[in-house]
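So you can see what is in the structure, the chains are spelled out below.
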Amino acid sequence: MDRQWWHGKTAYQIYPKSFKDGNGDGIGDLRGIIDKLNYIKQLGIDILWLSPIYRSPFIDNGYDISDYQDIDPQFGNMDDFDELMTKAHDLNIKVIMDLVVNHCSSEHEWFKKACADPYCEEASYFYFREGKDGRAPNNLRSNFGGSVWDKVPGQENLYYCHFFAREQPDLNWFNPRLRQRIYDLINWWLDKGIAGFRIDAIMSIAKDPDFPDYPPDALGDGLCACGAMNESCNDVAELFLKELQEEVFRPRQTFTVGEVFSIQPENIEKYIGNKGNFSTIFDFEARTALCHHCAYYAYEKLSVAEFRDALFKAQQLSNEHGFLATVLENHDEPRALSCWLPAMWQNPMGAKALGTIQLLLRGIPFVYQGQELGMGNTHFNSIYEMKDLQSFEEYRRCLNHGLTDSVALGVLNAQARDHARTPMPWDNSLNAGFSTSTPWMRLQQDYQQINVKSEEQDRCSVLWHYRQLISLRHNDNFKETITYGRFEPQPNPNRHTIAFRRVTDKQCLLVASNFGENPVWLDCGWQARTLLSSGEHQLKDGHLILEAGASAVIQIY
Ligand code: NOJ
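Turning our attention to the site of the ligand. The ligand sits among Asp60, Tyr63, His103, Phe144, Phe164, Arg198, Asp200, Glu259, His331, Asp332, Arg417 and Arg421. At 3.1 Å, a side-chain N or O of Arg417 approaches an oxygen atom of the ligand. Its free accessible area being 290 Å², the ligand has 97% of it covered by the protein chains. In terms of residue class, the shell around the ligand is built from 3 nonpolar, 2 polar and 7 charged. Residues lining the shell around the ligand come from more than one domain, with at least three contributed by each of domain 1 (11–102 + 176–211 + 255–465) and domain 2 (103–175 + 212–253).

Next up, the structure:
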């Protein structure tokens, strides 16, 4: 595998609306991010991913873009963006943007022109299809519920396709002129100095242009989740992705991370590594194991062993071929502590032990804002405190399924995307130091204790642990092993421990976290020393003895 600048780096995701409000309107913005760049630098971050800041009507919080080459006024303007780039550059932090090109917004001028004249050039940028027998062209269900089809305004029997909200019309990648316009806007941003992109929902571009019907799935509304079409058309996506990679990204050495779910193991080389269509893709193996049901109410929490098996499966898959982007949290998921850990470790100890695993696995770790503080889920008191359109749809699914209001709320309190979107807690003052006015979304209830200021003052905090983990990744003595070392599972003595080794010809590191109730003994030989730890442990009689809730990184000679 060729060496690349981004190998060994650590990335941080910002959800701009919830990170820091710089102008006092209750909404996070670019000025807020600029103010906090030093915080990000101190954490040790090399790459910053900004969720969308483009002009948008915010139906899906910016993932519905009405102008790809403008900044939404809620976030500031292009001067603010340029200033952010300059300051990030001075701090040696690379910036990547979100690239959302499976769909745009229904407010984008392309879509407006298409609706005004369904035979114009722009109409061919979308999937416009005639209805069948007075119904939509096929029976696919959008990711946010209901048919993927809605009528083109003013038309009797003409529909447009949207795999997400109806305000997010899908772009027709079969059209080479549309693809060229997308490449132009990508190059425009690269010319502005960004280092690359996180590529949104990219496998959704895999479409069958005939739009056949699919067998209805378990939700019982006669529809089938649109992902079924994507899975059956992967080879179509492959053609588009190859062109994108060869014509746009590879010549400019752009760093790309694909939002790609459930890859087939035999196809891994198509995604990552020297021949891959992305630099890396997120490891969603555990997420996929949790979410393969058609509604939140059917999700069942994974045990530590199941979670570990999913992580290890992805590691073994990528070992030979390239790097996955390891991820515990993002803006679409509940907080990792609440999602992956048993109740007894949903606390700072658990947060540190989980962080140890992620930051030492082989791959490019992406830390999500607030993860480094050990934030857990929010206790939403009512559906009205939530903001996300998917939460409303899942609530409706719960009620249709016969659940009571309070059980439905419980389901969302476990699974909703809103958990990741509460304002970043900077201190314990009013509005958690996020804004001088009421934030657009409620605060997480623990902000008085779990906030940046308190954790900066406490050397035993989750924040300091993350700083140490990232600094270990940068340490010249261990960088090579942490970046390129092979991943090898440590034979595990019980179901509550996650333990593995990172190995090169010259060095061996043992990494372990104990999420059980009792100490665990792990074989490490007589010659070993601790590089970093959380909780209590001992090196004794050729073993690492890890107390409950502890984690350690051990060098084995
Ligand atoms: C994935 C994004 O991460 C999510 O937030 C968004 O709703 C969908 N793609 C649609 O863009």
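Once the structure has been displayed, the description carries forward.
Applying the stated rule across the entire model yields 34 aromatic pairs. Between Trp173 and Phe240, the aromatic rings sit 6.0 Å apart at their centres with planes inclined by 45°, giving tilted as the arrangement. Of this pair, Trp173 sits in the loop between strand 9 (158–161) and helix 5 (176–191) while Phe240 sits in helix 7 (residues 234–249), and the two are 67 residues apart along the sequence. The exposure classification of Trp173 matches that of Phe240, with both residues buried. Every member of this aromatic cluster is reached through a ring pair, and the members are Tyr54, Tyr68, Phe81, Trp110, Tyr125, Trp188 and Trp189. Over the aromatic face of Phe380 sits the side chain of Arg442, whose NZ or CZ is 5.7 Å from the ring centroid.

Let's shift gears to the sheet that holds strand 17 (residues 497–503). On the basis of which strands lie adjacent, the open sheet formed by 5 strands has the order 16-17-18-23-20 and antiparallel pairing. Two strands lie at the open edges of the sheet, namely strand 16 (486–489) and strand 20 (528–534), each paired on one side alone. Taken over all neighbouring pairs, the strand axes of this sheet differ in orientation by 20° on average, direction set aside. Taken together, the 7 bridges between strand 17 and strand 18 (residues 508–514) define a ladder with antiparallel strand orientation. Paired with Phe500 across the two strands is Val511, which belongs to strand 18. Lying on the sheet, helix 12 (residues 348–360) is in contact with strand 17, strand 18, strand 20 and strand 23 (551–556); it crosses strand 18 at an angle near 150°.

According to the domain assignment, the protein consists of domain 1 (11–102 + 176–211 + 255–465), domain 2 (103–175 + 212–253) and domain 3 (486–556). A separation of 29 Å is found between the C-alpha centroids of domain 1 and domain 3. In this complex, domain 1 contributes 23 residues to the contact, which on the side of domain 3 involves 28 residues. Area buried by domain 1 at its contact with domain 3 is led by Arg308, Phe312 and Leu360, which between them contribute 25% of it. At the boundary of domain 1 with domain 3, the tally comes to 0 salt bridges. Across the contact surface, domain 1 and domain 3 share 10 residue pairs in polar contact (both at pLDDT 80 or more). For the side of domain 1 that touches domain 3, the secondary structure elements donating two or more residues are helix 10 (304–318) and helix 12. For the side of domain 1 that touches domain 3, the leading source of residues is helix 12, giving 8 residues. A per-class count over the side of domain 1 that touches domain 3 returns 14 nonpolar, 6 polar and 3 charged.

Another point: helix 12. Compared with an ideal rise of 1.5 Å per residue, which puts 13 residues at 18 Å, helix 12 spans 18 Å between its outermost C-alpha atoms and is within 8% of the ideal. Burial within helix 12 is extensive, with 11 of its 13 residues counted as buried. Where helix 12 is concerned, the buried positions are Gly350, Ala351, Lys352, Ala353, Leu354, Gly355, Thr356, Ile357, Gln358, Leu359 and Leu360.

Time to look at the sheet that holds strand 15 (residues 366–368). Two strands in a sheet stick together by hydrogen bonds in their backbones, pointing the same way (parallel) or opposite ways (antiparallel). If you walk across this open sheet you meet the 8 strands as 14-13-12-10-5-2-1-15, and the pairing is parallel. Strand pairing shows two members of the sheet lacking a second neighbour, strand 14 (324–325) and strand 15, which therefore form its edges. Judged from the 3 bridges that link them, strand 1 (residues 11–14) and strand 15 form a sheet pairing that is parallel. Across the sheet, residue Tyr12 finds its bridge partner in strand 15, namely Val367. Packed on one face of the sheet, helix 5 meets strand 5 (94–99) and strand 10 (196–199) and runs near 135° to strand 10.

Once that is clear, we can look at the pairing of strand 10. On strand 10, burial covers both faces: Gly196 and Arg198 on one face and Phe197 and Ile199 on the other are all buried. Inspection of the sheet shows strand 10 paired to strand 12 (residues 255–258) by 4 bridges, in the parallel sense. Note on strand 12: the bridge partner recorded for Arg198 is Val257.

As a further point, take the environment of Asp21. Within the element layout of this structure, Asp21 appears in the loop between strand 1 and helix 1 (30–35). Placed 228 residues apart in sequence, Asp21 and Phe249 show a C-alpha to C-alpha distance of 33 Å. With residues near it in sequence (within four places) discarded, Asp21 still touches Gly26, Ile27, Gly28, Asp29, Phe434 and Ser435. At a separation of 3.1 Å, a polar atom in the side chain of Asp21 contacts the main-chain amide nitrogen of Gly24. In terms of polar contacts, Asp21 uses its side chain to reach the backbone amide nitrogen of Gly26, at 2.7 Å.

Secondary-structure assignment places Thr326 in the loop between strand 14 and helix 11 (336–340). Overall, the relative accessible area of 2% leaves Thr326 in the buried class. For Thr326, the contacting residues outside a window of four places in its chain are Gln315, Gln358, Leu361, Arg362, Gly363, Ile364, Pro365 and Phe366.

Moving on: the pattern of salt bridges. On inspection of all chains with the given rule, the structure shows 36 salt bridges. The residue Asp80 makes a salt bridge to Arg31 at a minimum N-O spacing of 2.8 Å. Residue Asp80 is found in helix 3 (residues 78–90), and its partner Arg31 is found in helix 1; the two are separated by 49 residues along the sequence. For Arg31, a relative accessible area of 31% puts it in the partly exposed group. Among the ionic pairs, Asp332 bridges to Arg417, the shortest N-O distance being 3.3 Å. One end of the pair, Asp332, is in the loop between strand 14 and helix 11; the other, Arg417, is in the loop between helix 14 (405–415) and helix 15 (452–456), and 85 residues separate them in sequence. Residue Asp332 is classed as buried on the basis of its relative accessible area, which comes to 19%. On the basis of relative accessible area, Arg417 is assigned to the buried category, the value being 6%.

Cut-off values and rules
- Residues numbered from 1 in each chain as written.
- Predicted model: local features only at pLDDT ≥ 70, side-chain atom pairs only at ≥ 80, totals over all residues.
- Heavy atoms only, no water.
- Near = heavy atom within 4 Å.
- Polar contact = N/O pair within 3.5 Å; in protein donor to acceptor, adjacent residues only side chain to side chain.
- Areas by Shrake-Rupley, 256 points an atom, 1.4 Å probe, with all protein chains shown as cover.
- Nonpolar A, V, L, I, M, F, W, Y, C, P; charged D, E, K, R; others polar.
- Domains from an automatic or database assignment.
- Phe/Tyr/Trp six-rings, centres within 6.5 Å; stacked < 30°, edge-to-face > 60°.
- Helix = DSSP H or I, 4+ residues; strand = E, 2+ residues; numbered from the N terminus.
- Buried < 20%, exposed > 50% of the residue type's maximum accessible area, 1.4 Å probe, protein only.
- Lys NZ or Arg CZ within 6 Å of the ring centre and 35° of its normal.
- Pairing = 2+ DSSP bridges.
- Axes fitted to C-alpha atoms, helices over the stretch in contact; angles between N-to-C directions.
- Contact = heavy atoms within 4.5 Å.
- Buried area = accessible area lost by both parts, 1.4 Å probe.
- Salt bridge = Lys/Arg side-chain N within 4 Å of Asp/Glu carboxyl O.
- Expected span 1.5 Å × (residues − 1).

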